[in-house]
Amino acid sequence: MVKKDSKSKTREDVFKARFSRHFEELKWLYNELYDNSSMFAELCYQMRRYYGERDEALKESDADREQRPDWYKQNDMLGMMLYIDNFAGTIKGVEEKLAYLEACNVNYVHLMPFLDTVEGRSDGGYAVADFRKVQEKLGTMEDLAHLTASCHKKGINVCMDFVMNHTSEDHEWAKRARQGDGEYMSRYFFFDNYDIPAMYEKTVPQVFPTTAPGNFTWLPDAGHFVMTSFYPYQWDLNYKNPRVFNEMMYNFLFLANQGIDIIRIDAVPYIWKELNTQCRNLPQVHTIVRMMRMICEIVCPGVLLLGEVVMEPEKVVPYFGAVEKPECHMLYNVTTMATTWHTVATRDVRLLKKQLDIVNSLPKEYVFLNYLRCHDDIGWGLDYGTLMREGIGERPHKKYLNDFFQGYTEGSVSRGELYNADPVTGDARFCGTTASMCGIEKAGFEGDSEAMERAIRFDVTLHAYMFMQSGIPVLYSGDEIGQVNDYTYKEDPNKAADSRYLHRGPMRWELAARVKDPDTVEGKLFPRLKRLEEIRKGEKAFVCNADTWTIETWDPSVLCIGRHYEGETIIGLFNFSEFDKTAWINESEEEYEELITGADMQPRGVNIPAYGFYYLKKKS
Ligand code: GLC
């Protein structure tokens, strides 16, 4: 007789158990939104179908991860985001470079958008023409499934974008809608005159005020306006139509079945639109994300949802959902990222300390992705209420930050460019690589070796600080070797208008080849970052569930972060100024070991060089 333990349970039983766990809530939410039981029945049928098509190895990994729900919260998790063509030409090329990712201690690779798109109308791949086809120049779906399987053998997780807010105007649905097919027009927002668009424009802010002003595009051939919150070739999908939701969920499950571990839900706050609102973060968005989470837990529970919510903290946190009814597994720590650069410019850690305190006070179930920069611009979404109390106004401060990072202000060593400077609001965001913003570009150009040492030190310090934050760190490919801004995008007519390409340059393998030469920038930076990665991997105080807090240093330029887990404590001290500093902290009586040098040290009157840092581990 077969013993009915969890192993011998048939796959069918497993699916049924997961399905029945979520059935009532899923049905309730679906009908609340769509009141359409036949479409719901179709969704259920398709979930079963995608489960059936899911690879055995993936099902095994799902079952294993269900047993260890904290599997992704470990201190060895380190992400890297990269564009396939920039990094290695093709998907097969990425597979050949896995040893390099391993050398970088990366076990989570975010492959930037690689699905079918039209060159020149692609928004860096965020305008998808076919959710089931890889861009021809990059390879095929089979190459992708092969890559994910190879990554899994090496313990590397693969992340991809699910661009669900819109399709490209070259998507099959859009083409049919354009020809006047009502069934497909109803999957987007079509208007035969400007009356309703004009009403929307009264309350909906603009995403790309300069490069793509307005939220609607006139289609002369179709004689209609279509809603386009992003670029005119990115048509917003209408999630009021259950056909859109269902079909997009099937695309989602199809992609998950290629072996994707982490699905980044692109631009998620925008997916539901209502007149007389800002069309952002509406309650229905949360209903949809909650349904996605349940669909994921039923069909592919090993898959994580990463929400892209580039908003202020009050708007971000709800995307984790409630502890009992979770939505996303992970979210970007976007305000901390922007506040970090504010701190670099002002050399004043107070706002950052306050921001970290907010994040550290959240439930430990919430996992943030920490980063210094990504493929997008840095928007100055700071806590202006607090800054106002210091007499710092939003508009002049944004101007100060943008001037600073363009290298216009006294003492700035940064290089970079503005993004979507809006002449009406005076608002502008910023583009640049970490290395360029730390001074590596300027020092290299001027051949100033002393300035270069300082810039590299600061770059390492910022990474060391980022690794101390609560959550999972993610590097941008090329930052590990200090790649600077790439100005060649200006020569490419498909890119010239979008300054985000400044920090999306191709991986420079000729520089990566020098990581063992200590006389080069790469040879100084890469090993030091590697050391940090190894320390993080080796010390359990870096797990996501550790206690994390900030400590007063009595110096406005020195930030101190503490981490504690199962009896182990590590303290990080980070000097954000160009001056050497002496820091005192209260926990100073204890004995510590500095983890980089192995030296004994007490955080009492400790000298921190300009732009330097220490990792201090409490001795037991
Ligand atoms: C996200 C992406 C960004 C893209 C936008 C539209 O914000 O990060 O690069 O332009 O979505 O899809």
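What you see is a predicted model; the values in this text were computed from it and never measured.

A. Structural detail: the overall build of the chain. Secondary structure assignment for the chain yields 22 helices and 25 strands. For 620 residues, the compact-globule estimate of 2.2 N^0.38 gives 25 Å, and the chain sits close to it at 25 Å. Across its three principal axes, the chain shows a C-alpha extent of roughly 70 × 70 × 50 Å. Looking at the chain residue by residue over its 620 residues, the buried ones come to 60%.

B. How the structure looks around helix H22 (residues 521-538). Helix length check: H22 (18 residues) gives 26 Å between terminal C-alpha atoms against 26 Å at 1.5 Å per residue, within 8%. All of the buried residues in H22 are Val521, Glu522, Gly523, Leu525, Phe526, Leu529, Leu532, Glu533, Ile535 and Arg536.

C. Quick peek at the packing of aromatic side chains. Within this structure, the stated rule accounts for 44 aromatic pairs. Considering the side-chain rings of tyrosine 100 and tryptophan 509, the 4.9 Å spacing of their centres and the 75 degrees angle between planes classify their relative orientation as edge-to-face. Residue tyrosine 100 is located in helix H6 (residues 98-103), and its partner tryptophan 509 is located in helix H21 (residues 509-512); the two are separated by 409 residues in the primary sequence. Looking at tyrosine 100, the relative accessible area reads 14%, which means it is buried. Relative accessible area serves as the criterion here: at 23%, tryptophan 509 is assigned to the partly exposed category. Here tyrosine 465 and phenylalanine 574 contribute two aromatic rings whose centre-to-centre distance is 6.0 Å and whose plane-to-plane angle is 75 degrees, an arrangement assigned as edge-to-face. Note that tyrosine 465 is positioned in helix H20 (residues 449-468) and phenylalanine 574 in strand E20 (residues 568-575), a separation of 109 residues in sequence. With relative accessibility at 1%, the residue tyrosine 465 sits in the buried group.

D. Seen up close, the site of the ligand. Around the ligand lies a shell of 13 residues, among which Asp123, Asp266, Glu308, His375 and Asp376 are the nearest. In this structure, aspartate 123 approaches the ligand through a side-chain N or O atom, which is 2.7 Å from an oxygen atom. In this structure, an oxygen atom belonging to the ligand sits 2.8 Å away from a side-chain N or O atom of glutamate 308. In the complex, the protein chains occlude 95% of the 310 Å² of accessible area that the ligand would expose alone. Partitioned by chemical class, the residues of the shell around the ligand number 3 nonpolar, 3 polar and 7 charged.

E. Structural context of the sheet that holds strand E14 (residues 367-370). With respect to topology, 8 strands assemble into a closed barrel ordered E1-E2-E5-E11-E12-E13-E14-E17, the strand pairing being parallel. The mean angle between the axes of side-by-side strands here comes to 25 degrees, regardless of whether they run parallel or antiparallel. As defined by bridge partners, strand E13 (residues 330-332) adjoins E14 across 3 bridges and the pair is classed as parallel. Bridged to leucine 331 within E14 is phenylalanine 368.

F. Main features of the environment of aspartate 348. If you trace the backbone, aspartate 348 turns up in the loop between helix H14 (334-346) and helix H15 (350-360). Residue aspartate 348 is classed as buried on the basis of its relative accessible area, which comes to 19%. Put simply, aspartate 348 and leucine 559 are 211 residues apart on the chain and 9.0 Å apart in space, counted from C-alpha to C-alpha. Setting aside its immediate chain neighbours within four residues, aspartate 348 contacts His342, Thr343 and Pro556. A polar contact of 2.7 Å, which involves the side chain of aspartate 348, links it to the side chain of arginine 350.

G. Spotlight on unusual backbone geometry. Phi is positive for asparagine 276, which is not a glycine, with a value near 65 degrees. Relative to the helices and strands, asparagine 276 resides in the loop between strand E11 (262-265) and helix H12 (283-299). A relative accessible area of 58% places asparagine 276 in the exposed class. For cysteine 279, which is not glycine, the phi torsion reads 60 degrees and is therefore positive.

H. Looking closely at the nonpolar core. Met47, Tyr239, Ile288, Trp341 and Tyr615 are the most contacted members of the largest nonpolar core, which has 193 residues in total. By residue number, the principal contributor to this core is H20, which donates 12 residues. Sequence-distant contacts of methionine 47, defined by excluding residues within four places in its chain, comprise Phe15, Phe19, Leu26, Leu253, Ile295, Ile298 and Val299. Counting 13 residues, the second largest nonpolar core, distinct from the first, contains Ile571, Ile585, Tyr592 and Tyr614.

I. Region of interest: the pairing of strand E25 (residues 613-618). With 5 of 6 residues buried, E25 lies mostly within the body of the structure. Two strands pair when backbone bridges link them, and E20 and E25 are joined in this way by 5 bridges, in the antiparallel orientation. Looking across to E25, one finds that isoleucine 571 is bridged to leucine 616. In terms of strand pairing, strand E22 (residues 592-594) meets E25 through 3 bridges, oriented antiparallel.

J. Representation of the side chain of lysine 59. Structurally, lysine 59 can be placed in helix H3 (residues 56-67). Of the side chains bearing the opposite charge, glutamate 56 lies closest to the buried lysine 59, which forms no salt bridge; the N-O distance is 4.1 Å. Filtering out sequence-adjacent residues up to four positions away, lysine 59 remains in contact with Arg11, Tyr51, Gly52 and Arg54.

K. Representation of the pattern of salt bridges in the model. In the structure shown here, the tally under the stated rule is 57 salt bridges. In this structure, glutamate 274 engages lysine 240 in a salt bridge whose closest nitrogen and oxygen atoms are separated by 3.4 Å. Of this pair, glutamate 274 sits in the loop between E11 and H12 while lysine 240 is found in the loop between strand E10 (234-236) and helix H11 (242-256), placing the two residues 34 residues apart along the sequence. Judged by relative accessible area, which is 26%, glutamate 274 ranks as partly exposed. Connected via shared salt-bridge partners are Arg121, Glu169, Asp170, Arg178 and Asp221.

L. Region of interest: the sheet that holds E25. Spatial strand order, E18-E19-E20-E25-E22-E23: 6 strands in an open sheet with antiparallel pairing. Single-partner strands in this sheet number two, and they are strand E18 (547-550) and strand E23 (600-601). Running over the sheet, H20 touches E18, strand E19 (558-565), E20 and E25 and is turned about 145 degrees from E20.

M. Summary view of the side chain of arginine 563. By secondary structure assignment, the location of arginine 563 is in strand E19. For the buried arginine 563, no salt bridge exists, and the shortest N-O distance to an oppositely charged side chain is 9.2 Å, to aspartate 547. Of note is the side chain of arginine 563, whose polar atom sits 2.7 Å from the backbone oxygen of valine 543.

N. Geometry of the pairing of strand E21 (residues 581-584). The alternating pattern of E21 places Lys581 and Ala583 on a buried face and Thr582 and Trp584 on a face that is not buried. Both E21 and strand E24 (residues 604-608) contribute to a ladder of 4 bridges, which runs antiparallel. The partner of tryptophan 584 across the bridge, within E24, is arginine 604.

O. Here's a closer look at the environment of glutamate 25. As for its placement among the helices and strands, glutamate 25 is situated in helix H1 (residues 11-34). Distance from glutamate 25 to valine 484, taken between C-alpha atoms, is 49 Å for residues 459 residues apart in sequence. Those residues within four positions of glutamate 25 in sequence are excluded, and the remaining contacts are Arg290, Met294 and Lys325.

Calculation notes
Residues numbered from 1 in each chain as written. Predicted model: local features only at pLDDT ≥ 70, side-chain atom pairs only at ≥ 80, totals over all residues. Heavy atoms only, no water. Helix = DSSP H or I, 4+ residues; strand = E, 2+ residues; numbered from the N terminus. Rg over C-alpha atoms; globule rule 2.2 N^0.38 Å. Buried < 20%, exposed > 50% of the residue type's maximum accessible area, 1.4 Å probe, protein only. Expected span 1.5 Å × (residues − 1). Phe/Tyr/Trp six-rings, centres within 6.5 Å; stacked < 30°, edge-to-face > 60°. Near = heavy atom within 4 Å. Polar contact = N/O pair within 3.5 Å; in protein donor to acceptor, adjacent residues only side chain to side chain. Areas by Shrake-Rupley, 256 points an atom, 1.4 Å probe, with all protein chains shown as cover. Nonpolar A, V, L, I, M, F, W, Y, C, P; charged D, E, K, R; others polar. Pairing = 2+ DSSP bridges. Axes fitted to C-alpha atoms, helices over the stretch in contact; angles between N-to-C directions. Contact = heavy atoms within 4.5 Å. Core = buried A, V, L, I, M, F, W, Y, C linked by side-chain atoms within 4.5 Å. Lys, Arg positive; Asp, Glu negative; His and termini not counted. Salt bridge = Lys/Arg side-chain N within 4 Å of Asp/Glu carboxyl O.

None of the figures reported here should be taken as evidence of function without further support.
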